[in-house]
There are 4 protein chains.
Amino acid sequence: MGKKSEEKYDKILHASIKVFSEKGYQNTSITDIVKNAGIAQGTFYLYFPSKSALIPAIADHLLTITFEKIKERVSEQDSFWNILKQIISITFESNETYKDIVVLCYSGLAIEHSMEKWEMIYQPYYQWFEDRITQAILKKEIIQAIDVKLTTKMIINLIENTAERYFIGNENDALEAEYQEEIFNFVKRSLSTI
Amino acid sequence: MGKKSEEKYDKILHASIKVFSEKGYQNTSITDIVKNAGIAQGTFYLYFPSKSALIPAIADHLLTITFEKIKERVSEQDSFWNILKQIISITFESNETYKDIVVLCYSGLAIEHSMEKWEMIYQPYYQWFEDRITQAILKKEIIQAIDVKLTTKMIINLIENTAERYFIGNENDALEAEYQEEIFNFVKRSLSTI
Amino acid sequence: MGKKSEEKYDKILHASIKVFSEKGYQNTSITDIVKNAGIAQGTFYLYFPSKSALIPAIADHLLTITFEKIKERVSEQDSFWNILKQIISITFESNETYKDIVVLCYSGLAIEHSMEKWEMIYQPYYQWFEDRITQAILKKEIIQAIDVKLTTKMIINLIENTAERYFIGNENDALEAEYQEEIFNFVKRSLSTI
Amino acid sequence: MGKKSEEKYDKILHASIKVFSEKGYQNTSITDIVKNAGIAQGTFYLYFPSKSALIPAIADHLLTITFEKIKERVSEQDSFWNILKQIISITFESNETYKDIVVLCYSGLAIEHSMEKWEMIYQPYYQWFEDRITQAILKKEIIQAIDVKLTTKMIINLIENTAERYFIGNENDALEAEYQEEIFNFVKRSLSTI
DNA sequence: TATGAATGAGACTTCATTCAT
DNA sequence: AATGAATGAAGTCTCATTCAT
């Protein structure tokens, strides 16, 4: 597998993101990717066993970026509602940048019958958000009569799916703020102690 | 396309659902489908222009079944909260029956860059649910400070995504009721006027 | 496998014999064969699952030709020593015509770990020769203190291997008669009752 | 080639025998061999110009072992019939140990159109056996009306081919002695002066 | 309308070989 | 002498699609 150079691995990863975004997963051949990456055909197989192995790698890459950004911009001391606002905002940002590839990752994993991989990749993010919820419960910011794990997944899905739909639907830019607010309010009304 | 023979069309549709469920979309060839349908290779093209054209047809078929069931079991006079409960329950039922194919439809459409088709197929269902929400607002069952269209999509997505996750994650059967209840409560707390 | 046309099957078989003879098994690509056969690349796979599946088909074809010739030229009433002489002569003839391909068949089967197939193909020929030996024992032409099955295989191998060696070694044509006689005498001295 | 390091050469040779035996010639890549030998990819080419160059090296190695064993166990003073018995016995031993690789060597050479190499490798063995036959003629142990060179090859082939067939056919162990005896008697009846 | 043999482009993948270290 | 990452040509095989029957 990963023989030596981190550089080549990254080249392939970024080339694949680029080409997938442009042509879609199905219409992209490995030849397209290697040409774009500026490497030889065979080199691809030193780093990835197949085209489909790119999907989890890309998914991991994208989520890592998003998650890093969240951890950067959010202090664990912040109020839960501030944290939520940030997450919504950053999720929209990431989805804008990677709008084509995001659906593709989800689909790619789904299509290969490997939703478990998806869950694995999301695990650290889920864990972190569960911790935020638990903390918020302790701080009486949100009600306690909820299943933390399930609520975590529901909220994250709600945000991501809406963001996805927003950018893919090519809806009017002006509405972005309202979309974000609608999600925020939906969740807040449901969970707030006040 | 031209409905030459409803019978053959259905044969192809059901064969494709069966084979996609077993082998996944990518690994299924048209040859697999026609063998399973018991028709000739060329006959396929009299009913569908390509493999990918099956996806919206399947999606339409599945949603129609689910939507029919909902309309059967729900009276428009019912309280909104009863309707919601039914929808959640039926969505879980459908997802159990078609668990493999549901993700695949979503993915299939996503992967072909045709989320618009998805929205089109869902349009009647969305419209019906919007009407239920509007009615509920008028009946003061739910608060009025919401974007009806967006809330509709958020709720339906919330239910479908959780159901999907539930059956794909092969989680403990005992939890199904709790999952359904958690979704219901999440939405009720957010929208109820009480 | 063999869908329809005997014609296409034969085209492939003869093209493969021709090309294998010229370039050897390893250096022959399926592309070479289909070009020579005048058919499309994909058509090959309607008749044979892979390149290596050609080998037993060729072997069968060649042995069938040889065996037919033997049965044509030999009457079961002939003396065993006449029959043997004919077999030697015909084996040399066949080996001359198909000298390159004969080794290749043997090798091809060997290399694929499928000597059993070889035995299966030879089975009718072995059986026929066993019957001739048994008959010769009854007619007291040859001694009876032998294992008929094993002796059959030893004799046939002796003839084929020597013929093979003769033509591949490119030895002087003049010697062919002497080679044949040497084999004949070797066997006759060993088995004759006289 | 240049014997840079006898040790590495042997490592490659033995690794190739092992891997060829397990996977067959075709399915073995040089990568398989170097991994098994515990050397680097490039190192292979310091000792062998190509994969096919391994075949004659292996053949040479195997025949050398067998021939050494024969010369060890046989005194040139022994009666021809004793020598023959030993050769048969040792050939069966060698074939048992190297059953997979033996056919492969023969095939490998055949397939590369280089039967001459085979003859070259066998030359010393043939020569030695010719000498034994000539001596036996002089000692009146065997008849003189034979072509010594041709008879040598026929006998050796007879033994090797039967042994090969015996071990590849997975025949009942109990029969090994009878097989050996059948060959011995076949030859003895043919050549003995008595 | 239905058939299914034939097509042929092109995808994936392997692997012998090179060469800078 | 030894290494092993990189190469890229070439091969196998699949499969959507066509078309004569």
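Calculation notes
Residue positions within a chain follow its written sequence, with the count starting from 1. Lettering of chains starts at A and numbering of ligands starts at 1, both following the order in which they are written. Side-chain atom pairs in this predicted model are given and counted only at pLDDT of 80 or more, local residue features only at pLDDT of at least 70, and totals for whole chains, interfaces and linings cover all residues. Think of the side-chain values as coming from all heavy atoms in the structure, minus any hydrogens and water. Secondary structure follows DSSP: runs of H or I at least 4 residues long count as helices, runs of E at least 2 residues long count as strands, and numbering of each begins at the N terminus. To estimate how far a helix should reach, multiply one less than its number of residues by 1.5 Å. Any two residues whose heavy atoms approach within 4.5 Å are treated as being in contact. Note on definitions: buried area is the accessible-area loss of two parts on being combined, 1.4 Å probe, summed for both. A pairing counts as a salt bridge when a side-chain nitrogen of Lys or Arg comes within 4 Å of a carboxyl oxygen of Asp or Glu. The term polar contact refers here to a pair of N or O atoms within 3.5 Å; inside protein, the definition further demands a hydrogen-donor-capable atom paired with an acceptor-capable atom, and it admits residues adjacent in sequence only when both atoms are side-chain atoms. For the least-squares superposition of copies, only C-alpha atoms count, and only for residues with pLDDT at least 70 in both. Each axis is a line fitted through C-alpha atoms, taken for helices only over the stretch in contact, and angles between the N-to-C directions span 0 to 180 degrees. These descriptions rest on fixed angle ranges, namely under 35 degrees for roughly parallel, over 145 for roughly antiparallel, 65 to 115 for roughly perpendicular, and the rest for oblique. Residues are grouped as follows: Ala, Val, Leu, Ile, Met, Phe, Trp, Tyr, Cys and Pro are nonpolar; Asp, Glu, Lys and Arg are charged; every other residue, Gly included, is polar. Exposure categories follow from relative accessible area, calculated using a 1.4 Å probe and restricted to protein chains: below 20% of the type maximum is buried, above 50% is exposed, and the middle band is partly exposed. Two rings from Phe, Tyr or Trp (for Trp, the six-membered ring) form a pair when their centres sit within 6.5 Å of each other. Planes less than 30 degrees apart are called stacked, planes more than 60 degrees apart edge-to-face, and all others tilted. Only when the NZ of Lys or the CZ of Arg is both within 6 Å of the ring centre and within 35 degrees of the ring normal is a charge said to sit over the ring.

Enquirer: Could you clarify how one ought to interpret helix H1 (residues 6-23) of chain A in this entry?
Expert: Residues that lie three or four places apart on an α-helix share one face, since the helix turns once every 3.6 residues. Along its 18 residues, H1 of chain A runs 26 Å from first to last C-alpha, staying within 8% of the 26 Å computed at 1.5 Å per residue. Taken from the residues just after H1 of chain A, Gly24 of chain A is the one with a positive phi, measuring 85°.

Enquirer: How should the interface of chain A and chain B be read in this particular structure?
Expert: By a widely used convention, the size of an interface equals the accessible area lost when the partners come together. Facing 40 residues of chain A, the contacting portion of chain B comprises 40 residues. Of the roughly 3,600 Å² buried at the junction of chain A and chain B (both faces included), carbon and sulfur atoms supply 61%. A salt bridge links Arg165 of chain A to Glu119 of chain B; its shortest N-O distance comes to 3.2 Å. The interface formed by chain A and chain B holds 12 residue pairs in polar contact (both at pLDDT 80 or more) in total. Breaking the side of chain A that touches chain B down by element, the ones donating at least two residues are helix H6 (99-111), helix H7 (115-138), helix H8 (148-168) and helix H9 (176-191) of chain A.

Enquirer: Which parts of the structure should I look at to understand the relation of the copies chain D and chain C?
Expert: Both copies of the chain are related through a single rotation about an axis accompanied by a shift along the same axis. Of the two same-sequence chains, chain D is brought onto chain C (RMSD 0.1 Å, axial shift 0.0 Å) by a rotation of 180°. Taken together, the rotation and translation relating the two chain copies correspond to the operation of a two-fold axis. When the interface residues of chain D are mapped onto chain C, 100% of them again fall at the interface, so both copies present the same face.

Enquirer: Looking at this structure, how should I read the packing of helix H5 (residues 80-97) of chain A against H7 of chain A?
Expert: Each pair of packed helices gets described by two things: the angle between the helix axes and the distance between those axes. Residue and element names in this part refer to chain A. In the contact formed by H5 and H7, the axes pass within 10 Å of each other and the chain directions differ by 155°. Taken together, H5 and H7 sit at an angle that is classed as roughly antiparallel. Taken together, the residues of H7 that come into contact with H5 (itself represented by Phe80, Ile83, Leu84, Ile87 and Thr91) are Tyr125, Trp128, Phe129, Arg132, Ile133 and Ala136. Partitioned by chemical class, the residues of the contact of H5 with H7 number nine nonpolar, one polar and one charged.

Enquirer: Help me understand helix H5 (residues 80-97) of chain C, please; the structure alone is not making it clear to me.
Expert: With 18 residues, H5 of chain C extends 26 Å from end C-alpha to end C-alpha; this agrees with the ideal 26 Å at 1.5 Å per step. Every buried residue of H5 of chain C is listed here: Phe80, Trp81, Ile83, Leu84, Ile87, Ile88, Ile90, Thr91, Phe92, Ser94 and Asn95 of chain C.

Enquirer: Help me understand the packing of aromatic side chains in this model?
Expert: Remark: the centre distance and the inter-plane angle together describe each pair of aromatic rings, the angle taken between the planes. Residue and element names in this part refer to chain A. For the structure on display, the rule yields 66 aromatic pairs over all chains. With a centroid separation of 5.2 Å and an interplanar angle of 55°, the aromatic rings of Phe20 and Tyr25 are classed as tilted. Members of the aromatic cluster, joined through ring pairs, are Phe67, Trp118, Tyr122, Tyr125, Tyr126 and Trp128. The ring of Phe184 has Lys85 lying over it, and the distance from NZ or CZ to the ring centre is 4.5 Å.

Enquirer: Honestly, the side chain of Arg132 of chain C in this entry has me stumped. Any pointers?
Expert: Residues and elements named next belong to chain C. Here Arg132 shows up in helix H7 (residues 115-138). What makes Arg132 buried here is its relative accessible area of 5%. A polar contact of 3.4 Å, which involves the side chain of Arg132, links it to the side chain of Glu76. Dropping the residues within four chain positions of it, Arg132 is found in contact with Glu76, Phe80 and Ile83.

So yeah, pure geometry; function would need other evidence.
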